[in-house]
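Commentary on secondary and tertiary structure
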Amino acid sequence: TVKINGEERQYPQGATYEDVANDYQKEYDNLIALAARDGKIRELFKKLTRDCEITFFTLKDDVGNKTYVRSATMLFLKAVFDVFGRETVQNCRVEFAIGNGSYISPKGKINATEENAAKIRNRMRELVEAKTPFLKKSYSLDNAMELFRREGMKDKEKLFRYRRGSFVNIYEMDGYYDYYYGYMLPNAGYVKWFDVIAYEDGFMLLLPDKKNPTHVKPFQERKLLFRTLKESEEWGKEIGIETVGDLNDQICRGSLSELILVQEAQQERKIGEIAKSIVDRGGVKFVMIAGPSSSGKTTFSHRLSIQLRVNGLHPHPISVDNYFVDREKTPKDEDGNYNFECIEAIDVEKFNEDMSNLLAGEEVYLPVFDFKTGKRNFETRPKKLGENDILVIEGIHCLNPKLTEQLCDDRKFRIYISALTQLNIDEHNRIPSTDGRLIRRLVRDARTRGASATKTISMWPSVRRGEEKNIFPYQEYADVMFNSSLIYELAVLKQYVEPLLLGVSKDSPEYVEAKRLLKFLDYFVGIGNDNVPTNSLLREFIGGGCFHV
């Protein structure tokens, strides 16, 4: 007996969740991707084993969308396997995402041409037409390692070396074997919407997003972001850490303290180069810093200010948050809540007036926003810019031209900062940057705001919507992009975030996400924070830093 939406139906022994989903698909606007039995997620090809209550996830749900992306990725790699052979797919690396595209590099094994993209795309469509199944099988750890050793996927063999469980699930598509972190669709017939194009030295696998899961948008090129991500990938390759298995090897060899010093020195060099670029341009008075949540903007602005001082300038930090309009004037979102993330929540006119007056050499009393009263006050010392003074301005709208529309562009230097994770779980399982930032935020919210993991996870979709509307569209306006991700950070954050995630109740809507993150963190060998410098960007989240953030 199966209960769905209060209705009970009988199904024969051996029926699958897919059988049930097919009966109810007409009641859903989007394709059903997964089921949940009594709150526990089940892939659709699983069999029903007892009486239960079932709910469904579609491609419009986050977990459904991730399942689609994962299945489409394996479909792509299976097509490469069929068209170009085992050695080529062994060298394919799913590197990073840009918009609705996943960049996959064949590492020079085949040329990135439109002809080859068409071959991959056409083979994918043949597999979709044939509804080639994703077969899931549990292997003992030793057998799984032997399988991938035989398949030439040494990255997976290395990853499994640090698994604490005795068994691992492996997927097969008609003779092609692979491992994926997360759930899969029943067969290739579900992966109806995709495109493949040649891009730079690899291919872009274009997929729908959650908002419109049956439509693939044309690829929107983001050259600065691509260059920054590629540079981070190359740096990881240079130091020999491209996957979690590589990182775990370093930790277990006892050489992590040196790695931390090298990574921190690399970031400091980058910050120094940015400061030098600002000085060399000449005439810059406003350094505008923007980036999504948990990017480390505050610590970055402090470290940049130190480097600017080394170069003979006198930096003054300013937060755009101090220009919030009074609380009662703040716009509200569709749910009737205050929308602090839209640009209309900022007194843009007053901001431009103050910045223009400072540029003209006048004394200005800058506001300070009182978050308790919801009002600004001006009980501050007046500020006046001297010849070597420069303002370091931080805020989510700092790259939006509307914020500084009255200021000359040649007086501004724009910086976009984000934690763009360069580490992969293995060659075919990338770590989304959003996961890294969410884990950072979970740790910081618990430490500085006393917020539970449940609360932070529940707020995250709203935070992400704000970023997609107010931050990401303007990232290519930046003069420079800074990657604040640290290659070792998840091994440190693991110790802080696991207890928080374990505290999420099984009956809460956030439990599915908490469990996913816990499973993800299982891949890492954890380490302490003893070797993390006090000026590290990571200290903004774990505490113990030298800056007041």
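Residues numbered from 1 in each chain as written. Predicted model: local features only at pLDDT ≥ 70, side-chain atom pairs only at ≥ 80, totals over all residues. Heavy atoms only, no water.

Looking at helix α1 (residues 17-24)
- Taken as a whole, α1 has its buried residues at Y17, E18, V20, A21 and Y24. Here the buried residues of α1 occupy an arc of 160° about the axis, which is enough to place them on one side.
- Buried residues belonging to α1 abut β1 (2-4), β2 (7-9), β3 (32-37), β4 (40-43) and β5 (52-58). (Buried < 20%, exposed > 50% of the residue type's maximum accessible area, 1.4 Å probe, protein only. Helix = DSSP H or I, 4+ residues; strand = E, 2+ residues; numbered from the N terminus. Arc of directions from axis to C-beta. Contact = heavy atoms within 4.5 Å.)

A look at unusual backbone geometry
- At D174, a position not held by glycine, the phi torsion is positive, near 50°.
- Along the polypeptide, D174 turns up in the loop between β9 (167-173) and β10 (176-178).
- Residue class for D174 comes out exposed when judged on its relative accessible area of 53%.
- The phi torsion at E200 lies on the positive side, around 50°, for a residue other than glycine.

Quick look at the pairing of β5
- Of all seven residues in β5, five are buried, a share of seventy percent or more.
- Bridge count between β1 and β5: two bridges; the pairing is parallel. Considered in β5, the bridge of V2 is made with C52.
- By the bridge criterion, five bridges tie β3 to β5 in an arrangement that is antiparallel. (Pairing = 2+ DSSP bridges.)

Brief notes about a negative patch on the surface
- Residues E200, D201, E221 and E476 make up a contiguous surface patch of negative charge.
- Within the fold, E221 resides in the loop between β12 (202-206) and α7 (223-238). (Patch = residues over 30% accessible without salt bridge, like charges linked within 9 Å, V, L, I, M, F, W, Y side chains within 5 Å. Areas by Shrake-Rupley, 256 points an atom, 1.4 Å probe, with all protein chains shown as cover. Salt bridge = Lys/Arg side-chain N within 4 Å of Asp/Glu carboxyl O. Lys, Arg positive; Asp, Glu negative; His and termini not counted. Charge placed at Lys NZ, Arg CZ, Asp CG, Glu CD.)

Examining the environment of A451
- Assignment of secondary structure puts A451 in the loop between α12 (433-448) and α13 (453-470).
- Dropping the residues within four chain positions of it, A451 is found in contact with D445, A446 and T456.

Things to note about the packing of α12 against helix α14 (residues 489-502)
- Remark: α12 packs on α14, axes separated minimally by 9 Å, with the N-to-C direction vectors making an angle of 60°. Judged by the inter-axis angle, α12 sits oblique to α14. For the pair α12 and α14, the sense of crossing is left-handed. From α12, I439, R440, L442, V443 and A446 reach across to α14, where they touch E489, L490, L493, Y496, V497, L500 and L501.
- For the contact of α12 with α14, the class distribution of residues is ten nonpolar, no polar and two charged. (Axes fitted to C-alpha atoms, helices over the stretch in contact; angles between N-to-C directions. Parallel < 35°, antiparallel > 145°, perpendicular 65-115°, else oblique. Left-handed = near helix turned anticlockwise from the far one by under 90°. Nonpolar A, V, L, I, M, F, W, Y, C, P; charged D, E, K, R; others polar.)

With respect to the pairing of β3
- Among the six residues in β3, six count as buried, and that is most of the element.
- Bridging between β3 and β4 involves four bridges; their strand directions are antiparallel. Of the residues in β4, the one forming a bridge with A35 is R42.

Side note on the nonpolar core
- Within the largest apolar cluster, 111 residues are counted, with the highest numbers of intra-cluster contacts made by F76, L501 and F520.
- Here the element with the most residues in this core is helix α2 (residues 62-84); it accounts for ten residues.
- If we skip the residues at most four places from it in the chain, F76 touches I104, I120, M124, V196, F203 and L205.
- Counting 43 residues, the second largest nonpolar core, distinct from the first, contains F96, Y199, I343 and I393. (Core = buried A, V, L, I, M, F, W, Y, C linked by side-chain atoms within 4.5 Å.)

Topic: the sheet that holds strand β21 (residues 480-483)
- Strand order in this open sheet of five strands is β14-β17-β13-β18-β21, and the pairing throughout is parallel. Every interior strand has two partners, whereas the edge strands, β14 (314-319) and β21, have only one. Across this sheet, the average inter-strand angle for adjacent strands is 25°, counted without regard to direction.
- One ladder, built from four bridges, connects strand β13 (residues 286-290) with strand β17 (residues 389-394); its direction is parallel. Counted as the bridge partner of M288 is I393 from β17.

Remember, this is a structural readout, not a statement about activity or role.
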